[in-house]
Each structure stands twice: as C-alpha cells, then as structure tokens.
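Overview (structure and organization)
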Amino acid sequence: MNLSKKSLMHMYETMIRIRLFELKLQEFFAAGEIPGFVHLYLGEEAVATGACTALTDSDKITSTHRGHGHLLAKGGDLKLMMAEIFGRQTGYCKGKGGSMHIADMDLGILGANGIVGGGGPLSVGAALAAKYQKTDDVAMCFFGDGASNQGTTQEALNMASAWKLPLVFVNENNGYGISCPQCKSMAVVDIADRAAAYDMPGVVVDGNDVLAVHEAVVEAVKRARKGEGPSLIECKTYRWRGHFEGDACTYRCVEELEEWKGKDPIPRFEAKLIESNTLTKAEAEETWKRIEKDVDEAVEFAKSSPMPSTSALMDDVYA
Ligand SMILES: Cc1ncc(C[n+]2csc(CCOP(=O)(O)OP(=O)(O)O)c2C)c(N)n1
C-alpha cells in the first residue's frame, strides 16, 4: 500500500498513545486509584489503529468492554477519557459511567459497551441510517471472539448482508473469552469462515500487523461505500493482560504470552518505519516521550478534577 508519511506517522503515534494510556491505567488500577473495572487493550493496538485509520470522522464505530483502543484510535480525547475512568466530573460521562460507557457522538463513537455482542445491532442501526439518509458514511463494529458466538452478532451479520448495509465487522480474535479458549467455544478455527453463511467476504489478517489490518479494512470500507454491502475481517491477536485488571490469569501459560509478546505490533511497525527511512531512531524516541507527556497531563487533569457530587446522582438518568 502506498501511504503518505503523515498517515504512517499517525498510525505509529496512535498505537503508542493506546499503549501508554493502558500502561498508565494498569499502574493506577494496581494503586487502587481507579474505581470499577478496566479491561486493557495492551497487545491489540494494531487492530483498532489499522481499522480506524481507514475511516473518516463522520463514520461510526461501535466498541466493546475492551474499548479504550477503539476510542483513542477514532480520536477520543485523552483527558476526557482519563477523567471518566478515574470517576471525575470532567470526564465524558461526568464521572458516572466509567470505562465501559464512554461515547463521543461528534467523533462517531457510538459507545464502549459492557454487553458482549451489544455492538452488532447498534452498528446495523447506524449503517441503516447512513444508507437511508444517503450520507455516504460507513459503520464499523468491533467485536471479540466470545462476542462472535452471541446471537446478536449473528443476527447483525445476517441483517447487514440482507440489506446490503455499509458496515464493516472487525473481529478481534485474541483467543479467549474471559478464561475460555476459542477451541472450547466454537468448532471453527477461523471466525472469518462464518462470513460465507451470510454471503459476504470473510478475511483473516495478522492482527499484530497494523498495515495488514489497514489494507484489509480499506478494501472493506470501499466495498461498503460503493453500496456492495458488509464484510467480516478477522484479526488474529492476543491480549497481554488478564481479562480484566485483577484477573490471576491461571488459564493460560507464560510461554504463550511470551510468544505473543515477541510479536508486539509497535516495535514491528517501528522497525519497518526506520528501515524505510520514514522515521529516525531519534524521532522515535522523541515521539514516545511526547506522547508519554500527553498521557501524564491527562492523568494530572483527571486527578485534579473533582468527584461527582452526591446531589448530581440522579442527573442524566433516563430509565
Ligand atoms: C451479554 C453478556 N454476556 C456475558 C457477559 C460477561 N462477559 C464480559 S466480557 C466476556 C467475554 C468476552 O470475550 P470476547 O468477546 O472474546 O472479548 P475479549 O474480552 O476477549 O476482548 C463475557 C462473557 C457480558 N458482559 N454480556
């Protein structure tokens, strides 16, 4: 693929932003400073980055419980996200939603989602609206291997295909649904094979190769915009942390984790950029430092913001 230096650098920076954001959350969660649950995206950065960089600002995404990477890759604000996760008034949901309820309609982020398989029907709605209103927008549904077994996901695949909707299904196959390995919950090895049942293209890509993800998603987005209907892209990847922070992770072995850490998507891409003279080692170092500073500032912003007041408890409650 022929990508400009600007696009390549944007991908590189996005992956680093996600990595450093998640590492910071890991640190502060362990220190007891973050309420609720966090499901970290460490190791999966290339999927959200490769996929969201194929979208325009007005395209829509639906996310998951492991959503920080998707939200950051679609342009989510570091400070507002950090403040929300720290439970502060200045966050996306005024500190009352936490990690799994972050949305930003102006950026086409229709929300993280604690309901496994919840994003499928929402993305069908967004794609149907785009088709009906002739906006030329595309919707993208991120979902896990566990979510691919949910009826809602299969119904979404079916309706999207039957109605030829502008929708791209991006499956993040990290091998586990909580503690359950893929081989114990489904007979197929490739989730992309399920696309055939709905008469749509199904593609498997290396989910730790940002350019491979991007290339496959660009094709699917083109097809969607041309009115040719949805596609399913399965990105094989791995989550480095437990299902949630605090998970003892006794269901998988250290060797497996180490093998996947060897396929870390960021140094792989960084090496390619250096090799092709797109990036120098000094620029790489400067980029990590600059983004680390941005993330530190987001933490500062969050920690210096007030907690929601008890009098605001029932505000914005609709049901
Ligand atoms: C409808 C529903 N059923 C069960 C759960 C509990 N649950 C939370 S995450 C999860 C596993 C999801 O696995 P996967 O879709 O592969 O995503 P991953 O955590 O691997 O990113 C389950 C079963 C839930 N939140 N919602």
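The following paragraphs examine the structure supplied in this document.

Another aspect to go through is the pairing of strand 3 (residues 167–173). Burial analysis of strand 3 places 7 of its 7 residues in the buried class, which makes it a mostly covered element. Alternating residues of strand 3 divide into Leu167, Phe169, Asn171 and Asn173 and Val168, Val170 and Glu172, and every residue in both groups is buried. Here strand 2 (residues 139–144) runs beside strand 3; their pairing, made up of 6 bridges, is parallel. The residue of strand 3 that forms the bridge with phenylalanine 142 is valine 170. The handedness of the strand 2 to strand 3 crossover, carried by helix 6 (residues 151–162), is right-handed. Of the pairings in the sheet, the one linking strand 3 to strand 7 (residues 231–236) comprises 6 bridges and is parallel in character. Considered in strand 7, the bridge of asparagine 171 is made with glutamate 234.

Glancing now at the site of the ligand. Around the ligand, 15 residues are found, and the nearest of them are His65, Arg66, Gly114, Gly146 and Tyr176. At a separation of 2.8 Å, an oxygen atom of the ligand approaches a polar side-chain atom of arginine 66. Histidine 243 is positioned such that a nitrogen or oxygen atom in its side chain is 3.4 Å from an oxygen atom of the ligand. Isolated, the ligand exposes 580 Å² of accessible area, and the fraction of that covered by the protein chains is 71%. Judged by the proximity of its atoms to the pocket grid, the ligand belongs to the largest pocket.

Scoring rules and cut-offs
- Residues numbered from 1 in each chain as written.
- Predicted model: local features only at pLDDT ≥ 70, side-chain atom pairs only at ≥ 80, totals over all residues.
- Heavy atoms only, no water.
- Buried < 20%, exposed > 50% of the residue type's maximum accessible area, 1.4 Å probe, protein only.
- Helix = DSSP H or I, 4+ residues; strand = E, 2+ residues; numbered from the N terminus.
- Pairing = 2+ DSSP bridges.
- Right-handed = clockwise from strand over helix to strand, strands pointing away.
- Near = heavy atom within 4 Å.
- Polar contact = N/O pair within 3.5 Å; in protein donor to acceptor, adjacent residues only side chain to side chain.
- Areas by Shrake-Rupley, 256 points an atom, 1.4 Å probe, with all protein chains shown as cover.
- 1 Å grid on protein atoms, 1.4 Å probe; cavity = no way out; pocket = protein on both sides within 12 Å on 5 of 7 lines; lining within 4 Å.
- Sits in = over half its atoms within 2 Å of the grid points.

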